[in-house]
Amino acid sequence: MSDSKGSFTAGERLAPSRPENPPKPPRLPPGSGGPPRRRTPRKRRGFWDFLLSLLVGGLYKFGLFAVVALLLVSGGTFFVMSAGLPSVDSLKDYKPPLASRVYADNFQLVAELASERRIYVPYPQIPDLVKQAFISAEDRNFWIDPGIDPSAILRAGFVDMTRLGQDRRPLGASTITQQVVKNMLLDNRITFGRKIKEAILAVRVSRVMTKQQILALYLNEIYLGNNSFGVAAAAEAYFDKPLNQLTIAEAASLGALPKAPTTYDPFRHPAQALGRRNWVIGRMLADGAISATDARTALAEPLLPRAGGTPLEVPDAGYFSDAVAQALQQQFGQQEMQQGGLIVHTSLDPALQAAAENAVRDGLVKYDHAYDGWHGLVAHVDDSAIASNWQADLAKQASPPGKRHKWFLGLVIDVTDRTARLGYEDPSADDGQGAERTGSISLESIRWARPVIDGQVGGPPYVMRQVLHPGDFVMISKPEGSGDSLNLEQIPNIQGALICMDPRTGRVLAMVGGWSHDLSPFNRATQAQRQPGSGVKPFVYLTAMEQGIQPDAPVLDAPFVQQMPDGTVYRPGNFENNFQGPVPIYHALEQSLNLATLNLARSIGLDAIAKNFEAFGIVNPMPPYYPSAIGAIDTTLWNIVTGYAALDEYGRKITPTLIDSVTDPDGNVIYQAPNQACDNCASGDPGQPPLPDLSGPPLADANSVFQDITMMKGVVLRGTGVAAVAGISQPVAGKTGTTNNNNDTWFTGFTPGMLAGCWVGFDSPQSLGKMQTGGTVCGPIWNEFMKTALAGQPAIDFPVPVGMTLLPTSFNGETVTEAFKPGQTPGAQTNDDLLTGAPPFDALTTATSQPLPGATGAGSPTPSGVPGATADGSAPTAASAQPQAIDKTLGGLY
């Protein structure tokens, strides 16, 4: 610095000197004449300054009010929306609705029973790849968000505001947790109120459940199209694979579906599905779930969905599974059956089921070709360029339901007088030439396809154009080793049914309820009420045996006339329209003689017959009329087979069963059939409950039943059922049944360990044709099936009860062996009451009908009052008996 004179050195800042504490100038009194004070102009508030200050103050107050109001409204809204919300605790103990599965006796899957296709998979068993595909596609912040994603909500709100007035779906912002809440606790309505509730519940769920629990619920509950709920069901529906076999591309395809299952369905919209799948793959790459190499490989993978559907391993078991479902519904209710995850083990034998299906279909085709002519046109297309377009035309035509497994849909390309050339597709072809094939049908092979003109079947076709024309879609089959030769096929109009049962336990081993369950689910084995005709006669003859009548006792095969309660006259006849006179009882059953059976019934009484009909389950109650004794009642094949099972078991009551056991998802047996053991039943002693009593109450004495069985063996050896046992070495007992006008045909037969019953007829009763009987129509079906069922089984005869003897007896020069009780000997009974047929008409009284006095089969009086008696009052002989005018409107024929 400087000296006292105030000089400055270079670089110093020149500044005025200011004392550190300058003195305040003295205040001069007013008017003292001091120096005048400088006056500063006073600032004035202008109008705008005032308005600005007022606005700022108002905004501050309004903002404060708005915040308070917003808090009040939000709190009120939260309070209102929270009230009545479902508890989220239910999700912690959630048990998903699971499909019930029905299994055959060899543990092959028969059916799945469910309104929704769902397969539950625990969280640890869901592959990480599948989890990540859904997280990348639906909720990238899933592991860290509190149940809602505020940033996604703001983004969606902004986008939706820009779309105001547009008819577009609002942009979604739901997290996986919110989707769980929507699917399981709320509904799918798109409303502001529902979204608020969804957010509230999502936050609550995130507080009480782990992320793993939430993700497990989501992946098992999410709807992914094609009636598939959950990733496991979808993997089977779209790729026919279990979850652990999915590729990255396939997992991404599933992850693409929640946004719009229909839009991104790979079957319906492959282009959209492929684009969405590739987008998911890109998200997985960005999230670090897959490598760049994996992403490139997945993107290059073609979209090749393969419909899996329900993995049914036992084909053609629809009628059986329907009957099981009905039994389950009656036992447990509809909801438990479809959502309880029941494991149902049944008595179905897949090999016997296949044999039964083939036998019935073969029999129906045989009848159809013989009597129904050509009615198999599926559709027709008019295409002038069909020779070059047939592949495209064929691809547009759906296959008809009910087509047999080895049949194909064919398209007629061109026709000559004697041949027709067809195009068809054989997906099973493995010769490297592709599936599209052509072949020819010869005129000689379709002689059965007689044209139907004005409802009448004509003669065999003499030129191919009478049957087939270019553009016709028809069903065909290809015989093995036939080159390019094809057979013309059609689905018969006639229907049939078959039941196979183990008579010792009542377990139903096979069931066919019609030509095809796909074509008609109506079960003719259990639901069709039809007249059984002569199929009920064994129970009439059993009644006679119980009354001590011997198998060789004579009964009169002569006209039978009865006045019915409505005043009409019942005048039945035999199938052959003749009378044989006195015949042994066993012969009357073997030849299914109606008149002999009715005269026997008149002797033993309708009340006694009704008791057996009802006890054996044929019909209850039995209409108390004589036509009932020869099958003029309504019953089902199920009832007939059940009654015959009791005969096979020597009179022991048999309860037929379809289900062996039912297990709940936790492994507890909640139902056990009476004929099955149980180690862990849910009710009673969970250890070793006692075996059920398999003896069954006796319905008739074993000796009488054995006599009936022995006579029924004669039916298939010498009588109406011979065709049923051709080529079968095992002893068989059975009975045919044919109703009035040949409308219904039956055959039911059994060995000591196997029983089967068959029915064939039209759904709307009509004649099958003259000479079409139970033996000729159902007998061959029964034969084909039983050859498979009895294959490899020893020829074991029916055991003889203690005290019974098998002795020879003769009729018309033929000696047979019949069963006799203790004290009975062949020829010991003459049975005059049976031989004459009945007491005189004026002595007859029944509770339900009044006799027609003095009438014969021809309607004229007789000297003795015995129906059918000759002029001298004696019973007619086979030589003297002549066919009379008869009425066959009621009762069986053969």
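Residues numbered from 1 in each chain as written. Predicted model: local features only at pLDDT ≥ 70, side-chain atom pairs only at ≥ 80, totals over all residues. Heavy atoms only, no water.

### Overview of the environment of L285
Structurally, the position occupied by L285 is in helix α10 (residues 270-286). L285 gets classed as partly exposed once you look at its relative accessible area, which sits at 36%. Along the primary structure L285 and A295 are separated by 10 residues, whereas in three dimensions their C-alpha atoms are 6.5 Å apart. With residues near it in sequence (within four places) discarded, L285 still touches I290, S291, A292 and A295. (Helix = DSSP H or I, 4+ residues; strand = E, 2+ residues; numbered from the N terminus. Buried < 20%, exposed > 50% of the residue type's maximum accessible area, 1.4 Å probe, protein only. Contact = heavy atoms within 4.5 Å.)

### Topic: helix α3 (residues 128-138)
Of all the 11 residues making up α3, 8 are buried; the element is thus mostly covered by neighbouring parts of the structure. Listed as buried for α3 are V130, K131, A133, F134, I135, S136, A137 and E138. Lining the buried residues of α3 we find α5 (176-184), α7 (211-221), α8 (231-239), α9 (248-255) and α10.

### Let's talk about the pairing of strand β25 (residues 805-811)
It is a general feature of regular strands that their side chains alternate between the two faces of the sheet. Alignment of β25 against strand β26 (residues 814-820), held across 7 bridges, turns out to be antiparallel. Its bridge partner being in β26, L807 is matched across the sheet by E818. Two successive antiparallel strands, β25 and β26, enclose a turn made up of 2 residues, where N812 displays a positive phi of approximately 50°. (Pairing = 2+ DSSP bridges.)

### With respect to the sheet that holds strand β24 (residues 755-761)
Spatially, 5 strands are ordered β15-β14-β24-β23-β22 in an open sheet, and the strand pairing comes out antiparallel. Looking at the sheet topology across the chains shown, the edges are occupied by β15 (508-512) and β22 (733-738). Each strand of the sheet is rotated relative to its neighbour by a mean of 5°, with strand direction disregarded. Examined bridge by bridge, strand β14 (residues 495-501) and β24 share 7 bridges and lie antiparallel to one another. Bridge pairing in β24 places L498 opposite C758. Against the sheet, helix α14 (residues 350-371) makes contact with β14, β15 and β24, and its axis sits at roughly 30° relative to β15, the strand it touches most. Strands β14, β22, β23 (744-750) and β24 of the sheet are contacted by helix α22 (residues 774-789), whose axis makes an angle of about 40° with β23. (Axes fitted to C-alpha atoms, helices over the stretch in contact; angles between N-to-C directions.)

### Topic: the pattern of salt bridges
Per the counting criterion, the structure on display carries 24 salt bridges. In this structure, the salt-bridge partner of K241 is E250, at a minimum N-O distance of 3.1 Å. K241 sits in the partly exposed class, given a relative accessible area of 23%. A salt bridge links K713 to D797; the nearest nitrogen and oxygen atoms lie 3.0 Å apart. Taken together, the residues span a long stretch of sequence, with K713 in helix α21 (residues 702-718) and D797 in the loop between α22 and β25 at a distance of 84 residues. In the salt-bridge network here, residues are joined through shared partners; they are R101, E112, R117 and E236. (Salt bridge = Lys/Arg side-chain N within 4 Å of Asp/Glu carboxyl O.)

### Some remarks on the packing of aromatic side chains
Each aromatic ring pair is described using two quantities: the centre-to-centre distance and the angle formed by the ring planes. The full count for this structure, using the stated rule, is 18 aromatic pairs. When the ring of F560 is compared with that of Y626, the centres are 5.3 Å apart and the planes differ by 70°; the resulting orientation is edge-to-face. Here F560, found in the loop between β16 (554-557) and β17 (562-563), pairs with Y626, found in the loop between α19 (606-615) and α20 (637-648); they are 66 residues apart in sequence, far enough to count as distant. Y626 matches F560 in its accessibility class, with the two residues each being buried. Among the aromatic residues, ring-to-ring pairing joins F539, F613, F616, Y644, F750 and F798 into one connected group. (Phe/Tyr/Trp six-rings, centres within 6.5 Å; stacked < 30°, edge-to-face > 60°.)

### Structural notes on the state of the cysteines
The tally for this structure, following the rule as stated, stands at 1 disulfide. One disulfide in the model links C758 with C778; its S-S distance is 2.3 Å. On the sign convention where negative means left-handed, the S-S torsion of about -80° between C758 and C778 marks this disulfide as left-handed. Taken together, the positions of C758 in strand β24 and C778 in helix α22 put the pair 20 residues apart, joining distant regions of the chain. Across the pair, C778 and C758 agree in class, each one buried. (Disulfide = S-S within 2.5 Å.)

### Some remarks on unusual backbone geometry
Residue P621 follows N620 across a cis peptide bond; omega there is 0°. Unlike most non-glycine residues, M771 shows phi in positive territory, near 70°. Secondary-structure assignment places M771 in the loop between β24 and α22. When its relative accessible area of 48% is taken as the criterion, M771 is described as partly exposed.

### Things to note about the confidence of the model for the protein chain
Summarising the model, the protein chain shows a mean pLDDT of 83, and 76% of its residues fall at 70 or more. Below a pLDDT of 50 lies the segment residues 1-20, which in the model reaches 7 contacts outside its immediate sequence neighbourhood of four places, other chains included. For residues 837-889, every residue scores under 50 in pLDDT, and the model assigns this stretch 104 contacts once sequence neighbours within four places are set aside. (pLDDT = per-residue confidence, 0-100.)

### What about the environment of V508?
Here V508 shows up in strand β15. Classification of V508 as buried rests on a relative accessible area of 0%. Considering only alpha carbons, one finds V508 and T346, 162 residues apart in sequence, at a separation of 8.7 Å. Excluding residues within four positions of it along the chain, V508 makes contact with F320, S347, L348, I499, C500, M501, W638, P656, T657 and L658.

### Considerations on the side chain of D557
Looking at the secondary structure, you find D557 in strand β16. Buried charged residue D557 carries no salt bridge. Nearest counter-charge: K537, at 8.6 Å. Only 3.0 Å separates the side chain of D557 from the side chain of N574, close enough to count as a polar contact. Of the polar contacts made by the side chain of D557, one reaches the backbone nitrogen of A596; its length is 3.3 Å. (Lys, Arg positive; Asp, Glu negative; His and termini not counted. Polar contact = N/O pair within 3.5 Å; in protein donor to acceptor, adjacent residues only side chain to side chain.)

### Looking at the nonpolar core
Residues I585, F613 and F750 are the most contacted members of the largest nonpolar core, which totals 89 residues. Ranked by residues supplied to this core, first place goes to α20 with 7 residues. Residue contacts for F750: discarding those within four places in its chain leaves Y644, L647, D648, I709, M712, P731, V732, A733, L755, W782 and F798. (Core = buried A, V, L, I, M, F, W, Y, C linked by side-chain atoms within 4.5 Å.)

### A short note on the packing of α5 against α7
Across the interface, α5 lies against α7 with an axial gap of 9 Å and an inter-helix angle of 55°. If you check the angle between α5 and α7, you find them oblique. For α5 against α7, the interelement crossing comes out left-handed. Seen from α5, the contacting residues are I176, T177, Q179, V180 and M184; seen from α7, they are K211, I214, L215, L217, Y218 and E221. Of the residues belonging to the contact of α5 with α7, the class tally is 7 nonpolar, 2 polar and 2 charged. (Parallel < 35°, antiparallel > 145°, perpendicular 65-115°, else oblique. Left-handed = near helix turned anticlockwise from the far one by under 90°. Nonpolar A, V, L, I, M, F, W, Y, C, P; charged D, E, K, R; others polar.)

### Examining the packing of α3 against α10
The N-to-C vectors of α3 and α10 enclose an angle of 100°; their axes lie 9 Å apart at closest approach. Relative to α10, the element α3 is oriented roughly perpendicular. Side by side, α3 and α10 meet where L129, Q132, A133, S136, A137 and E138 of the first sit next to R276, W279, V280, R283 and M284 of the second. Looking at the contact of α3 with α10 residue by residue, the class counts come to 6 nonpolar, 2 polar and 3 charged.

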